Structures are given as structure tokens and as C-alpha cells.
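What follows is the residue order along each chain.
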Amino acid sequence: MRSLGDLWPAALDVNTEVCCMSFLMSFLCHSLNISVGVQISFVLFVDAKLYRLCLLDVSSVAQFIKRAEHKLKNGVVMSEKGSGPAARAVLQQCVQARLQVKPAEEHAEARFVQIDRGMVIYICFFKGATDDILPKMVSTLLNLRLCESDSGKMVSVLELPGSLLIVPQATLGGKAKGRAMQYHNNIAKEDGLRLYGAFVSLCKKEVAAAAASAGSGAEVTVKHGTYGNRQVLKLDTNGPYTHLTEF
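Our subject in this report is the structure included herewith.

Parameters at a glance
Residues numbered from 1 in each chain as written. Predicted model: local features only at pLDDT ≥ 70, side-chain atom pairs only at ≥ 80, totals over all residues. Heavy atoms only, no water. Helix = DSSP H or I, 4+ residues; strand = E, 2+ residues; numbered from the N terminus. Buried < 20%, exposed > 50% of the residue type's maximum accessible area, 1.4 Å probe, protein only. Contact = heavy atoms within 4.5 Å. Pairing = 2+ DSSP bridges. Axes fitted to C-alpha atoms, helices over the stretch in contact; angles between N-to-C directions.

### Quick notes on the environment of A170
Next, step 1: Structurally, A170 is set in the loop between β9 (163-168) and β10 (175-177).
Next, step 2: Looking at A170, the relative accessible area reads 45%, which means it is partly exposed.
Next, step 3: Each C-alpha atom, one on A170 and one on N186, is 7.2 Å from the other, the two residues being 16 residues apart in sequence.
Next, step 4: Contact partners of A170, with chain neighbours within four places excluded, come to C124, Y183 and N186.

Below you can see the structure in the form of C-alpha cells.
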């Protein structure tokens, strides 16, 4: 039988590893009086697979803990590869788009933001997302050739040049469970608001720089919705030409 030390690195991600080690240490320290050389077998169910684990002695558990601490100190987080994306975006080219960002009130009309030709970006962040992913996200989304030029050639929204409408869309993180949708993997509202604001700011800088470099005189802008609120969108598109991207 293979020892747990042989099987552990290949079979488990860091999340399962830390949880299992915590259980094993508690079990060994509080339930058993184990000595060196005593063998204990465990059956672990991970990702629909059964792994039979064999502990040789207490010292091997200490090695597992040391390995996990090393991973965590070197930036391995709960959303490491294999456990899902840190962010998801949907891109939709448009001829015109109009978004209600504040509903009508008793003494005030509804407030809208609007763009003409360009792209609508729906964005959702998941648990584990950090500022580090934002530059790559902005560069990727704004440079993908998803917009149709006057000549029929596919170009990026920066090359068009076109405007952006950025819409926070937490429902992109939904997972169906029975007849209901659940959003347990979405980022906390405060963290999502901060990342969303930083994402919008980076997009504004990129669009402004591209417009200045092109010198075409075309009026381009970046508009955005309000995070955490229900909004109403009206969209005219020459597609539909919609793409899903994950980071």
C-alpha cells in the first residue's frame, strides 16, 4: 500500500490538503495514543474518487503540515487552478446601449448612461479574486477582435475605436441547484465593489490612451453601471455577437 506521503501531492489540492491535515492531526492527537511505526488506514473521498490513505507515523503528518504551510506562504490561495475562475466576463458588440443606473423617485426622474457604437462588458468576480488579475483582464477584453468595422473586418474595440459600457453582473456566478440558482462562489460585496471600481478605472485609461494615439477625432467614452443594484439595460446590436471569457 502506498503511504500518504506518496499519494498526497498528486491527489489533493491545497484546500482539501489543509482540511484533511487538520482532521488527521485532531484525530491522532485527541483520539489515539499513536506511536512511531503504527499504521492507520483512511478512506478519503475526493472529486468522486476513492483514495485509501496510509499513515506510517506522527512525523509524516508534521511533514504534510510543513508542505502546506510552504504552499500558502508562496501564494497558493483557495482559488488555485482547478477550483474555478477568479472572474468571468461576457462581451457583446453594440450599435447603441442604454443603462438605467438610478430608478425614478417621487421628485426625480430615472438616471441613465448611454454609449453608441462599441462594446458592452458584463463582469463578475469570484471568491479569491485580487487586483493582480485586473491588468490582464483589461488588456485581454479590450484587445480581442470582436467588433465589426465599416469594412466588415473584425477589430478590437480600441481599434474601432468604440465606447464601452461596463455592467456589474453578479448573476454570471450563478450555479443551478434543482430549480433555483445559487451564488455561493461570488466575491463579497465590499471586495467586489473595490475590484469593479479599479477595473472601470483601468478601462478608462486604456480607452483614452487608444483614442489619443489614433487621433481620429472619434468621440469615445466609458460608461458604467452601479455595483450591487438592480439595473435596466436596453441594447441594440448588429449581432448578436456574444462571447464568454474567464480569468
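### Things to note about the sheet that holds strand β14 (residues 242-246)
Either a parallel or an antiparallel arrangement is found when strands of a sheet pair, and the pairing is made through backbone hydrogen bonds.
Next, step 1: Pairing within the open sheet is mixed, and its five strands lie in the order β12-β9-β6-β3-β14. If you trace the sheet from one side to the other, it starts and ends with β12 (222-224) and β14, each paired once. In this sheet, neighbouring strand axes are inclined to one another by 20° on average, regardless of whether the strands run parallel or antiparallel.
Next, step 2: In this sheet, strand β6 (residues 118-125) lies alongside strand β3 (residues 87-94) in antiparallel orientation, the contact comprising eight bridges. Within β6, the residue paired with C94 across the bridge is G118.
Next, step 3: The sheet contacts of helix α4 (residues 134-143) involve β3, β6, β9 and β14, and relative to β6 the element is tilted by about 150°.
Next, step 4: Where helix α5 (residues 189-214) meets the sheet, it contacts β6, β9 and β12, and its direction lies at approximately 175° from that of β9.

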